[in-house]
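Each chain is listed here by its residues.
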Amino acid sequence: MRDYDEVTAFLGEWGPFQRLIFFLLSASIIPNGFNGMSIVFLAGTPEHRCLVPDTVNLSSAWRNHSIPLETKDGLQVPQSCRRYRLATIANFSALGLEPGVDVDLEQLEQESCLDGWEYSKDVFQATIVTEWDLVCQNDWKGPFTISLFFVGVLIGSFISGQLSDRFGRKNVLFLTMAMQTGFSFLQVFSVNFEMFTVLFVLVGMGQISNYVAAFVLGTEILSKSIRIIFATLGVCIFYAFGFMVLPLFAYFIRDWRMLLLALTVPGVLCGALWCPLGLKMMGSRWSPSFLLPIPLTILFLQLQDLNSKKPQLHHIYDLIRTRNIRILTIMSIILWLTISVGYFGLSLDTPNLHGDIYVNSFLSAAVEVPAYVLAWLLLQHLPRRYSISAALFLGGSVLLFLQLVPSELFYMSTTLVMVGKFGITSAYSMVYVYTAELYPTVVRNMGVGVSSTASRLGSILSPYFVYLGAYDRYLPYILMGSLTILTAILTLFFPESFGVPLPDTIDQMLRIKGIKQWQSQNQTRMLKDGEESPTVLKSTAF
């Protein structure tokens, strides 16, 4: 059977067909940049304090001292979840006693925010946190909402590969784009936290499904050299573009409902890509439409021979059928999970950095562009596993170093976080190409889907890595940095796919480093045993 790249070589490297597909598939990823990180602003938590109703008869002095103070980053600030008992301070106010002069505030009884909270509107006008009071005893609901979104992404990752193999890449691509946009629109009308969260799960399912479908579609259609550009500079930079425009939208639209409504518009516009992207695929069978300049007869004749020799069906258990593919799958799961924790953890942590949240969010998105460019250059000229390992070492070591930076040098801390994001993003970009090259054609889509599923487990955990920062500012960075460096070491044991043709079958797969040596030792041992005991060889031959 001829190699897949050889069969499609007649299409050329960078003709009108490739350019059109490259742009359209990349453009379909822009809404993912909006929806993926929009929760940073939708669930933003502004400064807040217990509400003291106007109906409570307090003097101005007691009203100004009704909230206890706490030390935060070396400064005295009002507590967010406690207030002095109103009945007590109202009595002191009626008696004409002065706070801090006649009454020792540290000895006063405190109570929770029984009347709700008042929120600062310096940054946000309204978020789901301010609308449904997701603070204090309910602050767990914020990261829980983000985790449930990634649960939807996890479900979508698990089924997207098999759906696109069965029903065609294009059909699944546009169906899931519609799903993502439609449920985002319905979120605008959420009446409570539960409704918003359930819809958010469905949005997550659509988001990753259309991403995986577009990625695999481009990987299979485009030539080998353009495939790398598509997976790094194409898909990823268009995603980063959506991410970069997000803080611009959020800066001018400070209400979460209006912001979410505005972010659904690009998804609606992407529906217009259906006609020009007239390409339907089923497994490795294509049907280009009349709108694309492709010699149809030649294409069908060449691919007919390729498909006729692949009658067997493959299922998800094929990813663990042999020792080699089983170990590769396990290692890929660990690699993707760790990278995902680092990438999404740092992306979601931007509100906790010093400075303006909109600027920090833009920088977090903008730093991805040079990271993708570097990833493309590394994939073009250097071995895959060394490139990914080096990027992970860079990201992990910088995060570990962060705890040594003096607290007053917050600009340096922000810079180091961005460098860490740069390294981890580069690895994230390369791992898509690397995984697609390691798995054979017959299970490639499932392999990428399962690996992406593993990354969603990391993204589900990532909000809680950020949440740990409430207890220790540097704990999230220590954990993410340590995991990243350990995974960088693991990456060195992967097989190298640089300059190697894509495998078509499981038997053509590259060997894991340890397995190849183990098999060679076994074969050598068997040969030695055969030389010493020829009678045994003879008896086993029959």
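Note that residues are indexed from 1 along each chain, following the sequence as it is written. Where totals are concerned, whole chains, interfaces and linings use all residues; where local detail is concerned, this predicted model gives features only for residues with pLDDT of at least 70, and gives and counts side-chain atom pairs only at 80 or more. In computing side-chain properties, one takes all heavy atoms of the structure into account and sets aside hydrogens as well as water.

The name given to the protein in an unreviewed UniProt entry is Solute carrier family 22 (organic cation transporter), member 5, with the source organism recorded as Cricetulus griseus. UniProt positions are given in the numbering used here, feature names are shortened, and annotations may be inferred rather than shown by experiment. We quote the UniProt Subcellular location (unreviewed entry) comment for the protein here in full: "Membrane".

Colleague: So what about the overall build of the protein? Which residues, and what values?
Modeller: By definition, any uninterrupted DSSP run of H or I lasting at least four residues is a helix, any uninterrupted run of E lasting at least two residues is a strand, and each is numbered from the N terminus. Counting secondary structure elements, the protein contains 23 helices and eight strands. The buried label applies to any residue whose accessible area, calculated with a 1.4 Å probe on protein chains only, is under 20% of its type's maximum; exposed applies above 50%, and partly exposed to all values in between. Sorting the 542 residues of the protein into buried and exposed places 54% on the buried side. In the protein, of all internal contacts separated by at least 6 residues, the share reaching a separation of at least 24 is 81%. What makes two residues a contact is simply this: any of their non-hydrogen atoms within 4.5 Å.

Colleague: Requested: an account of the side chain of S147, with residues and values cited.
Modeller: As for its position among the elements, S147 is in helix 8 (residues 141-167). Apart from the residues lying within four places of it in its own chain, the contact partners of S147 are I460, P463 and Y464.

Colleague: Please provide a residue-by-residue account of unusual backbone geometry, values included.
Modeller: Although it is not a glycine, D133 sits at a positive phi angle of roughly 50°. You can see D133 is positioned in the loop between helix 7 (128-132) and helix 8. Positive phi outside glycine occurs at C136, with the angle close to 55°. Along the chain, the position of C136 falls in the loop between helix 7 and helix 8.

Colleague: Report on helix 10 (residues 193-221), specifying residues and quantitative values.
Modeller: Under the convention used throughout, the expected extent of a helix is 1.5 Å for every residue step, that is, one less than its residue count. Helix length check: helix 10, at 29 residues, gives a terminal C-alpha distance of 42 Å against a target of 42 Å (1.5 Å per residue), a fit within 8%. Judged by how many residues are buried, helix 10 sits mostly within the fold: 25 of 29 residues are covered. Any pair of N or O atoms that falls within 3.5 Å is considered a polar contact. Within protein, one atom must be able to donate a hydrogen and the other to accept it, and sequence-neighbouring residues count only if both atoms are side-chain atoms. Capping of helix 10 at its N-terminal end is provided by N192; its side-chain oxygen lies 3.3 Å from the backbone amide nitrogen of E194.

Colleague: Could you give an account of the state of the cysteines, naming the residues involved and the relevant values?
Modeller: Cysteine sulfur atoms that pair up within 2.5 Å are treated as a disulfide. Evaluation of the coordinates by the stated rule reveals two disulfides. A sulfur-sulfur distance of 1.7 Å marks the disulfide that ties C50 to C113. Taking the torsion about the sulfur-sulfur bond, which here is approximately -60°, the covalent link between C50 and C113 counts as left-handed. Placement of C50 in strand 1 (residues 48-50) and of C113 in the loop between strand 5 (110-112) and strand 6 (117-119) is noted, with a sequence separation of 63 residues between them. Like C113, C50 is buried. Paired by a disulfide, C81 and C136 hold their sulfur atoms 2.0 Å apart. Sign of the S-S torsion, about -95° for the bond between C81 and C136, identifies this disulfide as left-handed. Of the two residues, C81 sits in the loop between strand 3 (75-78) and strand 4 (82-84) while C136 sits in the loop between helix 7 and helix 8, which places them 55 residues apart along the sequence. Residue classification places C136 among the buried positions, given a relative accessible area of 12%. Cysteine pairing for the protein (bonded cysteines numbered in sequence order): 1-3, 2-4.

Colleague: I'd love a proper account of the side chain of T130, names of residues and values included.
Modeller: With respect to the element layout, T130 can be found in helix 7. Classification of T130 by relative accessible area gives buried; the value is 17%. Within the structure, T130 has its side chain in polar contact with the backbone nitrogen of T127 (distance 2.9 Å). Contact partners of T130, with chain neighbours within four places excluded, come to P46 and Y119.

Colleague: Give a detailed account of the packing of helix 15 (residues 323-348) against helix 21 (residues 475-491), specifying residues and quantitative values.
Modeller: Axis lines are fitted to C-alpha atoms, over the contacting stretch for helices. Their N-to-C directions set the angle, which ranges from 0 to 180 degrees. Taken N-terminus to C-terminus, the directions of helix 15 and helix 21 make an angle of 150°; their axes are 10 Å apart at the nearest point. Relative to helix 21, the element helix 15 lies roughly antiparallel. As for the relative orientation of helix 15 and helix 21, their crossing is left-handed in sense. From helix 15, M331, I334, L335, T338, V341, G342, G345 and L346 reach across to helix 21, where they touch Y477, M480, L483, T484, T487, L490 and T491. Note on residue classes: Ala, Val, Leu, Ile, Met, Phe, Trp, Tyr, Cys and Pro are nonpolar, Asp, Glu, Lys and Arg are charged, and everything else, Gly too, is polar. For the contact of helix 15 with helix 21, the class distribution of residues is nine nonpolar, six polar and no charged. Small angles under 35 degrees read as roughly parallel and large ones over 145 as roughly antiparallel, with 65 to 115 read as roughly perpendicular and the rest as oblique. By the definition used in this description, the sense in which the near helix is turned from the far one sets the handedness, with an anticlockwise turn below a right angle giving left-handed and a clockwise turn giving right-handed.

Colleague: Hey, could you go over the packing of aromatic side chains for me, with residue numbers and the actual values?
Modeller: Both the distance between ring centres and the angle between the ring planes are used here to describe each pair of aromatic rings. When the centres of two rings from Phe, Tyr and Trp lie within 6.5 Å, Trp using its six-membered ring, the rings pair. Their planes under 30 degrees apart give stacked, over 60 give edge-to-face, and anything left gives tilted. Taken as a whole, this structure holds 20 aromatic pairs when the rule is applied. Ring geometry for Y434 versus F494: centroids 5.8 Å apart, planes at 55°, classification tilted. Within this pair, whereas Y434 is found in helix 19 (residues 410-438), its partner F494 is found in the loop between helix 21 and helix 22 (513-532), the two being separated by 60 residues in sequence. F494 shares its class with Y434; the two are buried. An aromatic cluster is defined as three or more aromatic residues linked by ring pairs; in this entry it consists of W132, F149, F150, F196, F200, W256, Y343, F344 and Y428. Note on geometry: a ring has a charge over it if NZ (lysine) or CZ (arginine) is within 6 Å of the ring centre and within 35 degrees of the ring normal. Residue placement shows R254 over the ring face of Y251; its charged tip is 4.8 Å from the ring centre.

Colleague: Residues and numbers for the pattern of salt bridges, please.
Modeller: Here, a salt bridge means any side-chain nitrogen of Lys or Arg that lies within 4 Å of a carboxyl oxygen of Asp or Glu. Summed over the entire model, instances satisfying the criterion amount to seven salt bridges. Between R257 and E131 there is a salt bridge whose closest N-O contact spans 2.5 Å. Of the two residues, R257 sits in helix 12 (residues 256-263) while E131 sits in helix 7, which places them 126 residues apart along the sequence. Given a relative accessible area of 35%, E131 falls into the partly exposed group. A single salt-bridge network, built from bridges that share partners, covers R83, E111 and D115.

Colleague: A description of a nonpolar patch on the surface should follow, citing residues and the corresponding values.
Modeller: There is a patch of nonpolar side chains on the surface, built from I155, F158, I159, L163, I316, Y317 and I320 and spanning about 600 Å² of accessible area. With respect to the helices and strands, the residue F158 is situated in helix 8. Each patch is built from salt-bridge-free residues with over 30% relative accessible area, joining like charges within 9 Å and nonpolar side chains (Val, Leu, Ile, Met, Phe, Trp, Tyr) within 5 Å. For the area figures, the Shrake-Rupley method with a 1.4 Å probe applies, and any residue is considered shielded solely by the protein chains shown.

Colleague: Break down the environment of P501 for me, with residues and values.
Modeller: Residue placement: P501 occurs in the loop between helix 21 and helix 22. C-alpha separation for the pair P501 and K224, spaced 277 residues apart in sequence, amounts to 9.0 Å.

Colleague: Give me the lowdown on the nonpolar core, citing residues and values where you can.
Modeller: Nonpolar cores were defined as sets of buried Ala, Val, Leu, Ile, Met, Phe, Trp, Tyr and Cys residues, with membership established by side-chain atoms within 4.5 Å. Counting residues in each nonpolar core, the largest one holds 133 residues, and the members touching the most others are F41 and Y477. Discounting chain neighbours no more than four positions away, the residues touching Y477 are L346, D349, L353, L399, L400, L402 and V417.

Colleague: Quick one: what's the story with helix 21, residue by residue and with numbers?
Modeller: Relative to the 24 Å expected for 17 residues at 1.5 Å per residue, helix 21 spans 24 Å between its end C-alpha atoms, a close match to the ideal helical length. Within helix 21, burial applies to P476, Y477, M480, G481, T484, I485, T487, A488 and T491. In an axial view of helix 21, the angular spread of the buried residues amounts to 165°, which keeps them on one side of the axis. The inward-facing, buried residues of helix 21 contact helix 15, helix 18 (384-401), helix 19 and helix 20 (444-467). An arc is given here, and it is the one of the directions from the helix axis to the C-beta atoms.

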